[in-house]
Amino acid sequence: MAKKKRKKKKTLKKRLIKYMAVGILTVLLLLALFIFAVYHNIFGRIPDEEKLMSIRHENATLVFSSDDKLIGKFFAENRTNVKWEELPEHLIHALISTEDARYFEHQGIDSRSLMRVLVKTIILGDKSSGGGSTLTQQLAKNLFGRKDYGALTMPVVKVKEAIVAYRLEKIYNKQDILLLYLNTVPFGENTYGIEAAANRYFNKNTEDLNVQESAVLVGILKANTYYNPRLHPANAKKRRNVVLHLMAEHDYLAQEKAEKLKNAPLHLNYSNYRLQGPAPYFLKHVKAEAHKILEEQAKESGKSYNIEKDGLKIITTLDYHLQKLTRQAVRKHLSAMQKRLDHEMKGRKAEFVDSYEGDTVKAREVYTWDGIRVQEMSYSDSLWHYKKMLHAGVVVVDPKNGNILTWIGGNNFRYLPYDMVLAKRPAASAFKPVLYATALELEYQPCDYLDNDIPEFEDYPDWQPENYDGKSGGEVAMWYALANSMNLPTIDLYRRTGYKNLDYMCRRLGFSNTLPKGPAAALGTMEVSLIELANAYSAFANRGAINKRSFIKEIRNADDEIIYQKQDNEPEQVMSEKSAQTLTAILLKATAEGTGKALYSKYNVDSEFAGKTGTSQNYSDARYVCYNNELVMAVWVGASDPRVHFSGGYYGSGSRLALPVAGIMLNQAERNNNITGYFTPPAIPADTSGMFDCEPTRDKTIGRKLWQKMADLISGDEEKALSVDSTRILNDSNRMLQNENESGTKVGRFLRKVFGDDSEEE
């Protein structure tokens, strides 16, 4: 009986073994069939060796300043490839120690790691045991991604990645695979590849990384967000220390040094070129111009480029050092003026910001002049914080070729993206040179005298203009009126030149808005952008000619071949060289003796600059434009809401609020060894003797009044443009009276007898 039981038990055991064998063979057969199906592209095509040999991944386009400093990137995926010799040895050691310790031993698939995953992860359910993918398999995933196959997704993608890894190992050597991996692996924040990651988190190139920085970046690979050093610094530091421990464990790092480095802080130097680069507002215009250039190139050559994927290199017109100094000048001056404005606006929040129900106070990230800060404030508080903030727009142009040298569109592109260089605000007195340029084109001379009386206009009975100092009466030489930004003589000049002539000059200089009708236009009521104002002054600086503005000097493809190079175009002559140089000579006096003299007296600028300040009504907008032969610098300062402003000119005028930005920057630029060639004096007439050889002011003569009446009769209507002929009559009469009075001729004596002796001034 016992014998039969043993026999029956043995038979059952054999059957069980047989069934198990059949089961295993069936599983192996099904597995083989599954692998066969994947291999033969039943689940989608697997890259063959030919495709793997021609791997070319997307590359970010790099944007450089004219002096070869990286200022930004354009990318769909932020990726910049590096060469093998640019990889630090400790980076390779950190990667291998952490991600694939037997990398140099396997052929793309690590059987020991696969068994660990099978036993520990799948059978025992230990998810902390690590993955089984080698670096080569991870590279396959990075290159080709993963598709969704439903319940079979993980088996299919793992087999595909194993096949691709095997093929990669046959084509490339271990060094090539490591390089491909490091150039494609994601580091979070849409950043791909080690070079982009080094730039993003440490603001340096890969070759300059130290050991602990390499460990931080390798640590990110385990979980892009959880170990992001900017978002979760504690997690990142803990993971970095794990990487350092593994490097020591695999004898790539001395244990003592590893322990020392574990105590070091992260020392991030975060840089997001899309939002925080040295010239983010400028980059928007670079990208637009690059798109236009590449479209034109494609039409001509048939070769098209994708600016976000093809790894182009764009050399811009921007001067990095000028840009840097301008940013510093803006921050230094506006941070000081902000405190004064905050004091003036204290307690006025309710005038500008509505209150909100349930507007709770909580921690909010805001931009301040001290940087990005997290502050406890309500939503309405944050609105008021930005509404009363001073903003600056600054643009520097090379008048000889239209190249943009500096572009400051605002305080912070991430929080305040609106570009103030393009904002249209009243030109104020910075517009006056346009009127005086019009008069010079009509052959007025710097020593022609203008009426300094308060004018009366039938159509504008409530308009009472006055000079800044409140004084009026007599006559003022044209050069003196502009140099000192006098309003009443400027209005008189507008009456003589007329609306049509001034409007024509505005259009010639490139202003897009229509000149408002009425005498107030002479004082700059027209709204213009800062770049339009800079372009107009470029004509004054460039002997009456305007160049088309440009942001890009050169574009190269990924193979470093030049595909575009800027050619200098013929500038448009919008006014005579004589008029431009005469105006410049007057504006030199405006800087030396008039409203811009602080440029020399307070900010110690050594070079000669012609320039003009501007202050709009109620001090909402402060402007300053200055230029020499090499650059035109235009500055605007104000709040985004024109109702927010200083109460008076002591702080709110162009000379107090805008000019200092130029003064601080130019002073530093003159003393910076990296900045040369920008300080050639402006072009003025070769012979200026006699140009200003007249008294700045004089009493108004009876004879002058007579000729003024004649001119009024000829014009017929004060608001209609005087003809050139009638203007010439007036000018000729002025000069005749002046000459006759000085020489004591019969005509002069006759006039004095008839009209009295009040024509004599000295």
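Note that the coordinates shown come from a computational prediction; the quantities given were computed from them, not determined experimentally.

1. Things to note about the packing of helix H8 (residues 194-202) against helix H9 (residues 211-220)
- Viewed as axis vectors pointing N to C, H8 and H9 meet at an angle of 115 degrees, and their least axial separation amounts to 11 Å. Judged by the inter-axis angle, H8 sits roughly perpendicular to H9. For the element pair H8 and H9, the recorded crossing hand is right-handed. Contacts from Ile194, Ala197, Ala198, Tyr201 and Phe202 of H8 reach H9 at Glu213, Val216, Leu217 and Ile220.
- Its residues assigned to classes, the contact of H8 with H9 shows 8 nonpolar, no polar and 1 charged.

2. Looking at the state of the cysteines
- Here the structure, examined in full by the defined rule, presents 1 disulfide.
- Across a sulfur-sulfur distance of 2.0 Å, Cys447 and Cys694 are joined as a disulfide pair. On the sign convention where negative means left-handed, the S-S torsion of about -90 degrees between Cys447 and Cys694 marks this disulfide as left-handed. One end of the pair, Cys447, is in the loop between helix H16 (432-441) and strand E11 (449-451); the other, Cys694, is in the loop between helix H25 (659-670) and strand E21 (697-698), and 247 residues separate them in sequence. Taken as a pair, Cys447 and Cys694 share a single burial class, namely buried.

3. Side note on the environment of Ser380
- Among the structural elements, Ser380 can be located in helix H15 (residues 379-387).
- By relative accessible area, which is 5% here, Ser380 ends up buried.
- Separated by 31 residues in sequence, Ser380 and Lys349 have C-alpha atoms that sit 8.9 Å apart.
- Ignoring sequence-local partners within four residues, the contact set of Ser380 consists of Lys349, Val353, Asp354, Tyr356 and Asp359.

4. Quick look at the packing of helix H13 (residues 320-345) against H25
- Between H13 and H25, the shortest axis-to-axis distance is 8 Å and the interhelical angle comes to 135 degrees. Judged by the angle between their axes, H13 and H25 are oblique. Our pair here, H13 against H25, has a crossing hand that is right-handed. Only Pro660, Val661, Ile664, Met665, Gln668 and Ala669 of H25 make contact with H13, whose side of the interface consists of Leu322, Leu325, Thr326, Ala329, Val330, Lys332, His333 and Leu334.
- Of the residues assigned to the contact of H13 with H25, the class counts are 10 nonpolar, 3 polar and 1 charged.

5. Section: the sheet that holds strand E5 (residues 313-316)
- The strand order across the open sheet built from 5 strands is E2-E1-E5-E15-E16, with neighbouring strands paired in mixed fashion. The sheet is open, and its two borders are formed by strand E2 (70-74) and strand E16 (562-565), each paired with just one other strand. When strand polarity is set aside, the average angle formed by the axes of neighbouring strands in this sheet is 20 degrees.
- Examined bridge by bridge, E5 and strand E15 (residues 552-556) share 4 bridges and lie antiparallel to one another. Across the sheet, the residue bridging to Ile315 is Glu554, located in E15.
- On top of the sheet, helix H12 (residues 280-301) reaches strand E1 (61-64), E2, E5, E15 and E16; it is set at about 60 degrees to E2, its chief contact.

6. Focus on helix H20 (residues 530-541)
- An ideal rise of 1.5 Å per residue puts 16 Å on 12 residues; H20 measures up with 16 Å between its terminal C-alpha atoms.
- Counting buried positions along H20 yields 12 of 12 residues, so the element is predominantly enclosed.
- Buried residues of H20: Leu530, Ile531, Glu532, Leu533, Ala534, Asn535, Ala536, Tyr537, Ser538, Ala539, Phe540 and Ala541, and no others.
- Positive phi shows up at Arg543, right after H20, with a value of about 60 degrees.

7. Points about the confidence of the model for the protein
- A residue-level look at the protein finds 83% of positions with pLDDT of 70 or above and a mean pLDDT of 85.
- This model gives residues 717-730 a pLDDT under 50, and the stretch forms 35 contacts once residues within four places in sequence are excluded.
- Low pLDDT, under 50, characterises residues 735-762; the predicted model gives this stretch 34 contacts beyond four residues in sequence or across chains.

8. A short note on unusual backbone geometry
- Positive phi is not limited to glycine here, since Glu443 has a value of about 75 degrees.
- Checked against the element boundaries, Glu443 lands in the loop between H16 and E11.
- Phi is positive for Asp560, which is not a glycine, with a value near 65 degrees.
- With respect to the element layout, Asp560 can be found in the loop between E15 and E16.
- Judged by its relative accessible area of 46%, Asp560 falls in the partly exposed class.

9. Concerning the pattern of salt bridges
- Per the counting criterion, the structure on display carries 26 salt bridges.
- Residues Lys424 and Glu532 are paired through a salt bridge, measuring 3.8 Å at the closest nitrogen-oxygen approach. Of this pair, Lys424 sits in the loop between strand E9 (404-408) and strand E10 (425-426) while Glu532 sits in helix H20, placing them 108 residues apart in sequence.
- Accessibility expressed as a relative area gives 32% for Lys424, which makes it partly exposed.
- Among the residues examined, Glu532 registers a relative accessible area of 10% and is labelled buried.
- Glu670 is the partner of Arg671 in a salt bridge, and the nearest nitrogen-oxygen pair spans 3.2 Å.
- Taking the relative accessible area as the measure of exposure, Arg671 reaches 44% and is therefore partly exposed.
- One continuous salt-bridge network, built from bridges that share partners, spans Glu189, Arg200 and Arg230.

10. Some remarks on the sheet that holds strand E8 (residues 390-397)
- The strand order across the open sheet built from 5 strands is E9-E8-E20-E19-E18, with neighbouring strands paired in antiparallel fashion. Here the strands that pair on one side only, and so sit at the sheet edges, are E9 and strand E18 (610-615). Strand-to-strand, the axes of this sheet are offset by a mean angle of 10 degrees, without reference to chain direction.
- Strand direction decides the pairing type here: E18 and strand E19 (residues 622-627), joined by 6 bridges, are antiparallel. Residue Lys612 lies in a different strand from E19, and its bridge partner there is Val625.
- Relative to strand E20 (residues 632-639), H25 is tilted by about 135 degrees, and along the sheet it contacts E8, E18, E19 and E20.

11. So, the packing of aromatic side chains
- Counted according to the given criterion, the structure contains 18 aromatic pairs.
- A centroid spacing of 5.4 Å and a plane angle of 20 degrees characterise the contact between Phe352 and Trp384, whose relative ring orientation is stacked. Note that Phe352 is positioned in helix H14 (residues 349-352) and Trp384 in helix H15, a separation of 32 residues in sequence. Here the two residues Phe352 and Trp384 agree in accessibility, since each one is buried.
- When the ring of Tyr537 is compared with that of Tyr627, the centres are 6.2 Å apart and the planes differ by 70 degrees; the resulting orientation is edge-to-face. With a gap of 90 residues between them, Tyr537 in helix H20 and Tyr627 in strand E19 connect regions that are remote in the sequence.
- Residue classification places Tyr627 among the buried positions, given a relative accessible area of 0%.
- An aromatic cluster is present here, built from Phe282, Trp407 and Phe551 joined pairwise through their rings.

12. A few points about the pairing of E19
- Burial runs high along E19: 6 of the 6 residues are buried.
- Residues Ala622, Tyr624 and Cys626 of E19 are buried on one face, and the alternating residues Arg623, Val625 and Tyr627, pointing to the opposite face, are buried as well.
- Linking E18 to E19, which pair antiparallel, is a turn of 6 residues; within it Asn618 sits at a positive phi near 65 degrees.
- Examined bridge by bridge, E19 and E20 share 6 bridges and lie antiparallel to one another. Its bridge partner being in E20, Ala622 is matched across the sheet by Val637.
- Counting the residues in the hairpin turn of E19 and E20 gives 4 residues.

Basis of the calculations
- Residues numbered from 1 in each chain as written.
- Predicted model: local features only at pLDDT ≥ 70, side-chain atom pairs only at ≥ 80, totals over all residues.
- Heavy atoms only, no water.
- Axes fitted to C-alpha atoms, helices over the stretch in contact; angles between N-to-C directions.
- Helix = DSSP H or I, 4+ residues; strand = E, 2+ residues; numbered from the N terminus.
- Parallel < 35°, antiparallel > 145°, perpendicular 65-115°, else oblique.
- Left-handed = near helix turned anticlockwise from the far one by under 90°.
- Contact = heavy atoms within 4.5 Å.
- Nonpolar A, V, L, I, M, F, W, Y, C, P; charged D, E, K, R; others polar.
- Disulfide = S-S within 2.5 Å.
- Buried < 20%, exposed > 50% of the residue type's maximum accessible area, 1.4 Å probe, protein only.
- Pairing = 2+ DSSP bridges.
- Expected span 1.5 Å × (residues − 1).
- pLDDT = per-residue confidence, 0-100.
- Salt bridge = Lys/Arg side-chain N within 4 Å of Asp/Glu carboxyl O.
- Phe/Tyr/Trp six-rings, centres within 6.5 Å; stacked < 30°, edge-to-face > 60°.

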